[in-house]
Amino acid sequence: MTAIFITTNEATSILPGRGGLFGRLSDAFWRHPKLLLFLMLTPPLLWLGIIYIGSLLALLLQSFFSIHDFSGLVNYEFTLSTYAQLLNPTNFDIIIRTFVMAALVTIASALIAFPIAYYTARYAQGKWKALFYLGIMLPLWSSYLVKIYAWKLILAKEGILTWIFEKLHLSWLLDGILNLPVIGGNSLSVSYLGTFIVFVYIWLPYMILPTQAALERVPGNLIEASADLGATPRQTFRTVLLPLALPGIVAGSIFTFSLTLGDYIIPQIIGSSRLFIGQAVYTQQGTAGNVPLAAAFSVVPIVIMALYLWLAKKQGAFDAL
């Protein structure tokens, strides 16, 4: 009986191979799981390696070429003269202008996002939290261009914002802001201030969500313990809440900073005639036909973001993404 039991058990424990092409493939993948993993990862890795990394390497290679002064054709000889052109006052102003705008948008987004994210993480429950997510995500469902053109109408001289200032008898304040040489213009729709407002509006959800996720992971008993030990709310915020929420803020800043750094549509529609890096790349590559200089401009935000990501990783920002 023992021999019969063993034989029966062996017969039922090893299933016969399935017939057909798909059956044999399924059996092969079951026996060799690494083969299945290799076949699943090969297409995306090829896409990433050839299309994405390959295009970046081609872009980097183009930046080491130059344009012939007389023929206007690309001179395929290794040179650093194209990067030297980035230090010209006009081109360097474009880099500084873009960097400053990206930094200001990131700081403003963090200041606006933190109280919203904190309230949602600490107090919102049930349907109110669902309403919060709906309110944050709803603007992302609409068209990017539609939102920009809507803001152009709002910020225009004949727009609703100017009308509100007139009804509140604050036209003098708006005129004073527009007369400022750094941020003003004929109207908000053609000023740095208008560009800044639209940038903050467009990228704000990308700051709120990582910050809220980081704040939700802060144990409530730490805040209670801080109060029990005699810390003031300001001390609790500075020594407990902010350090624990910092990875989420840095994670959100990766989105706001990088997206502002490379955007060229918002400054093209809302803003002055002074270029940002994205506009400079578009102009040099399309209108001027100076592909090496356009490539050199494109390398600038890549280098800036590489340094920024390195600093963000040290802050543990990737844990909050």
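Described in the following lines is the structure provided in the data block.

Parameters and conventions
- Residues numbered from 1 in each chain as written.
- Predicted model: local features only at pLDDT ≥ 70, side-chain atom pairs only at ≥ 80, totals over all residues.
- Heavy atoms only, no water.
- Helix = DSSP H or I, 4+ residues; strand = E, 2+ residues; numbered from the N terminus.
- Buried < 20%, exposed > 50% of the residue type's maximum accessible area, 1.4 Å probe, protein only.
- Areas by Shrake-Rupley, 256 points an atom, 1.4 Å probe, with all protein chains shown as cover.
- Contact = heavy atoms within 4.5 Å.
- Expected span 1.5 Å × (residues − 1).
- Bend = angle between axes of the 7 residues up to and from the residue.
- Salt bridge = Lys/Arg side-chain N within 4 Å of Asp/Glu carboxyl O.
- Patch = residues over 30% accessible without salt bridge, like charges linked within 9 Å, V, L, I, M, F, W, Y side chains within 5 Å.
- Phe/Tyr/Trp six-rings, centres within 6.5 Å; stacked < 30°, edge-to-face > 60°.
- Axes fitted to C-alpha atoms, helices over the stretch in contact; angles between N-to-C directions.
- Parallel < 35°, antiparallel > 145°, perpendicular 65-115°, else oblique.
- Left-handed = near helix turned anticlockwise from the far one by under 90°.
- Nonpolar A, V, L, I, M, F, W, Y, C, P; charged D, E, K, R; others polar.
- Core = buried A, V, L, I, M, F, W, Y, C linked by side-chain atoms within 4.5 Å.

When its secondary structure is counted, the chain shows 15 helices and two strands. Counting the 321 residues in the chain, one finds 34% classified as buried. Carbon and sulfur atoms form 70% of the exposed surface of the chain, whose accessible area is close to 20100 Å².

Within the secondary structure, Ser253 is located in helix H12 (residues 233-262). Discounting chain neighbours no more than four positions away, the residues touching Ser253 are Thr106, Met207, Ser258 and Tyr308.

Attention now goes to helix H5 (residues 89-122). For the α-helix, the turn length of 3.6 residues means that residues three or four positions removed from each other point alike. Along its 34 residues, H5 runs 49 Å from first to last C-alpha, staying within 8% of the 50 Å computed at 1.5 Å per residue. The largest bend in H5 is about 30°, located at Ala113, with the proline Pro115 one to four residues further on.

On to the pattern of salt bridges. The full count for this structure, using the stated rule, is one salt bridge. Notably, a salt bridge pairs Lys129 with Glu216, separated by 2.7 Å at the nearest N-O pair. Of the two residues, Lys129 is situated in helix H6 (residues 127-141) and Glu216 in helix H10 (residues 192-216); the sequence distance between them amounts to 87 residues. For Glu216, a relative accessible area of 38% translates into the label partly exposed.

Taken together, Leu37, Leu41, Leu45, Leu48, Tyr52, Ile53, Leu56, Leu57, Leu60 and Ile302 make up a surface patch of nonpolar side chains, about 890 Å² in accessible area. Among the elements that make up the nonpolar patch, the one with the highest residue count is helix H3 (residues 33-62) (nine residues). Structurally, Leu57 can be placed in helix H3.

Quick look at the packing of aromatic side chains now. Under the definition given, this model contains 15 aromatic pairs. Seen in terms of ring centroids, Phe64 and Tyr83 are 5.5 Å apart; in terms of plane orientation they differ by 55°. Their pairing is tilted. One end of the pair, Phe64, is in the loop between H3 and strand E1 (66-67); the other, Tyr83, is in helix H4 (residues 81-85), with 19 residues separating them in the sequence. Arranged with centres 5.0 Å apart and planes meeting at 20°, the rings of Phe257 and Tyr308 form a pair that is stacked. Residue Phe257 is located in helix H12, and its partner Tyr308 is located in helix H15 (residues 291-314); the two are separated by 51 residues in the primary sequence. Among the residues examined, Phe257 registers a relative accessible area of 5% and is labelled buried. For Tyr308, a relative accessible area of 23% gives the class partly exposed. Following the ring pairs from residue to residue traces out a cluster consisting of Phe114, Tyr118, Tyr119, Tyr123 and Phe237.

Before going further, it helps to spend a moment on the packing of H10 against H12. In the contact formed by H10 and H12, the axes pass within 8 Å of each other and the chain directions differ by 150°. With respect to their mutual orientation, H10 and H12 come out roughly antiparallel. Every pair of crossing elements has a handedness; the one defined by H10 and H12 is right-handed. Each of Phe199, Trp203, Tyr206, Met207, Pro210, Thr211, Ala214 and Leu215 in H10 lies in contact with H12, whose residues at this interface are Leu241, Ala245, Gly248, Ile249, Ala251, Gly252, Ser253, Phe255, Thr256, Leu259 and Thr260. By residue class, the composition of the contact of H10 with H12 is 13 nonpolar, six polar and no charged.

Here the focus is the nonpolar core. Core analysis: the largest hydrophobic core is formed by 20 residues, its most contacted members being Val105, Leu155, Val198, Phe199, Ile266 and Ile270. Counting only elements with at least two residues in this core, the list comes to H5, helix H7 (144-155), helix H9 (171-178), H10 and helix H13 (265-269). Examining the composition of this core, we find that six residues originate from one element, H10, more than from any other. The residues contacting Phe199, other than those within four sequence positions of it, are Met101, Val105, Thr260, Asp263, Ile266 and Pro267. Formed by 19 residues, the second largest nonpolar core is a distinct cluster that contains Leu86, Leu261, Val281 and Met305.

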